[in-house]
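Each chain is listed here by its residues.
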Amino acid sequence: SLVTTGELLTRAAATRTALAAFNIITLEHVEAVVAGAEAAGAPVVLQVSENAVKFRYGRLLPLARAAVAAAERAAVPVALHLDHIQSDALLRQAPDAGFSSVMYDASALPYAENLAATRAAADWAHAQGLWIEAELGQVGGKDGRPALDAHAPGARTDPAEARAFVADSGVDALAVAIGSVHAMTTRTAALDHDLLKRLAAALDVPLVLHGSSGVPDDELRAAVTGGITKVNVGTALNIAMTGAIRGFLAAHPEAVDSRTYLSVGREAMARTVEQLITVLAGTAPA
Ligand code: G3H
Ligand code: ZN
């Protein structure tokens, strides 16, 4: 069923688990995320990034309509979220397209400008009944931007600054920079658990981990224990899909029907979704 991100996050926070949010790009991603969540028996977030909209010829609705239809028919609760939005025009399409939440990303701007832009976005979002996430500190690795040096200003989220940012902007959740990096293809990220602890103590909104594909299972579990409530995963699905398709096509050079390899890619993504949700729900077999 289609539900709101806000209610799923409230439930995740209450049960001290984390809500998994997967970036969808194709219809196969949509179907795989829903199938994986159903197999795990847990709720999930389908999120569409501004970059994914750019890939879809700049149009949100075709993918959004597919996601709404899949969510409505899902055997588990599914919410729709707009991810890494910088365009105000795209932000404003959220309610009509079926999204209950947005991540407004002005994190590359200096503090004062990030705050002003985020506050305006939050005021608008709340007037629409939307839940809004923002980012302070830079997770890095997006759009070819390198991950900042860990000691560079802005590479990590400062707890006192974060507390003021949340209070002054009115956002409902905060993406924090604690050592993960976007688009990693190895699961080798080491998180700053001491910083996470201080952030969790300083803030009373749900904390969001971005760039989670590069974070190993044990680090993810520790992050959930430390106060992360939403875990964003994108690259892991592409690794699964592309690897499975590459293997299938290498083994079947005669294949032409796109369904033969897309189904293999979709199945690989669904297994990845199920595994990650199981880790976050703390139900993974030891
Ligand atoms: O907002 C999306 C996530 O941060 C995805 O990051 O592709 O590195 O898993 P990832
Ligand atoms: Zn992200």
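Residues numbered from 1 in each chain as written. Chains lettered and ligands numbered in written order. Predicted model: local features only at pLDDT ≥ 70, side-chain atom pairs only at ≥ 80, totals over all residues.

The name an unreviewed UniProt entry assigns to the chain is Fructose-bisphosphate aldolase, from the organism Streptomyces actuosus.

Draft legend 1. Molecular detail of the overall build of the chain. Within the chain, the regular secondary structure consists of 12 helices and eight strands. Computed over the C-alpha atoms, the radius of gyration of the chain is 18 Å, within 12% of the 19 Å expected from 2.2 N^0.38 for a compact globule of 286 residues. Seen along its three principal axes, the alpha-carbon backbone of the chain occupies a region of about 60 × 40 × 35 Å. Put simply, 69% of the contacts in the chain that link residues at least 6 apart link residues at least 24 apart. (Helix = DSSP H or I, 4+ residues; strand = E, 2+ residues; numbered from the N terminus. Rg over C-alpha atoms; globule rule 2.2 N^0.38 Å. Contact = placed C-beta atoms within 7 Å.)

Draft legend 2. Spatial organisation of the UniProt feature "binding site: Zn(2+) 1" (unreviewed entry) in the chain. What UniProt calls "binding site: Zn(2+) 1" (unreviewed entry) maps, in this numbering, to His84, His182 and His210. The named residues occupy 127 residues along the chain; their greatest pairwise C-alpha distance, 11.8 Å, places them in one compact cluster. Relative to the assigned elements, His84 resides in strand β3 (residues 78-85). Not counting chain neighbours up to four residues away, the residues in contact with His84 comprise Ser49, Glu50, Asn51, Met103 and Asp105. Position of His210 relative to the elements: it lies in the loop between β7 (207-209) and α10 (217-226). Apart from the residues lying within four places of it in its own chain, the contact partners of His210 are Val139, Ala175, Ser180, His182 and Asn232. (UniProt positions renumbered as here; feature names shortened; annotations may be inferred.)

Draft legend 3. Quick peek at the site of ligand 1. As a structural note, the neighbourhood of ligand 1 is formed by 16 residues, with His210, Ser213, Asn232, Gly234 and Thr235 the closest of them. Only β3, β8 (228-233) and α11 (235-251) provide two or more residues apiece to the shell around ligand 1. Of the residues belonging to the shell around ligand 1, the class tally is four nonpolar, 11 polar and one charged. (Near = placed C-beta within 6 Å. Nonpolar A, V, L, I, M, F, W, Y, C, P; charged D, E, K, R; others polar.)

Draft legend 4. Region of the structure containing the pairing of strand β2 (residues 44-49). Taking burial as the measure, the six residues of β2 include six buried ones, the bulk of the element. The side-chain alternation of β2 yields two buried faces, one formed by Val44, Leu46 and Val48 and the other by Val45, Gln47 and Ser49. Here three bridges tie strand β1 (residues 19-23) to β2, and the two strands are oriented parallel to one another. Bridging across to β2, Ala21 finds its partner in Val45. (Buried ≥ 20, exposed ≤ 12 C-beta atoms within 10 Å, placed from the backbone. Pairing = 2+ DSSP bridges.)

Draft legend 5. Layout of the sheet that holds strand β5 (residues 131-136). If you trace the eight strands once around the closed barrel, you get β1-β2-β3-β4-β5-β6-β7-β8, paired in parallel fashion. Along the sheet, successive strands turn relative to each other by an average axial angle of 25 degrees, direction set aside. Judged from the four bridges that link them, β1 and β8 form a sheet pairing that is parallel. Paired with Ala21 across the strands is Asn232, a residue of β8. Sitting on the sheet, helix α2 (residues 27-40) touches β1, β2 and β3, and the angle it makes with β2 is about 160 degrees. (Axes fitted to C-alpha atoms, helices over the stretch in contact; angles between N-to-C directions.)

Draft legend 6. Structural view of the confidence of the model for the chain. Averaged over every residue, the pLDDT of the chain is 95; residues scoring 70 or more account for 95%. Quick note on the complex model: pTM equals 0.96, ipTM equals 0.99. (pLDDT = per-residue confidence, 0-100.)

Draft legend 7. Geometry of the environment of Arg221. Along the chain, Arg221 falls in helix α10. Put simply, Arg221 and Ala202 are 19 residues apart on the chain and 21 Å apart in space, counted from C-alpha to C-alpha.

Draft legend 8. Looking closely at the nonpolar core. Ala20, Leu46, Val102 and Leu174 are the most contacted members of the largest nonpolar core, which has 90 residues in total. By residue number, the principal contributor to this core is helix α12 (residues 258-280), which donates nine residues. With residues near it in sequence (within four places) discarded, Val102 still touches His81, Leu82, Ile85, Leu91, Ala94, Ala125, Leu130 and Ile132. (Core = buried A, V, L, I, M, F, W, Y, C linked by C-beta atoms within 7 Å.)

Draft legend 9. View of unusual backbone geometry. Here the phi dihedral of Arg16 falls at roughly 55 degrees; this positive angle occurs in a residue that is not glycine. Even without a glycine there, the phi angle at His84 is positive, about 50 degrees.

Draft legend 10. Representation of the UniProt feature "active site" (unreviewed entry) in the chain within the structure. Here, UniProt's "active site" (unreviewed entry) annotation points to Asp83. Residue position: Asp83 is located in strand β3. On the basis of neighbour counts, which here come to 28 C-beta atoms within 10 Å, the residue Asp83 falls in the buried class. Residues contacting Asp83, with those up to four places away along its chain left out, are Asn23, Gln47, Val48, Ser49 and Met103.

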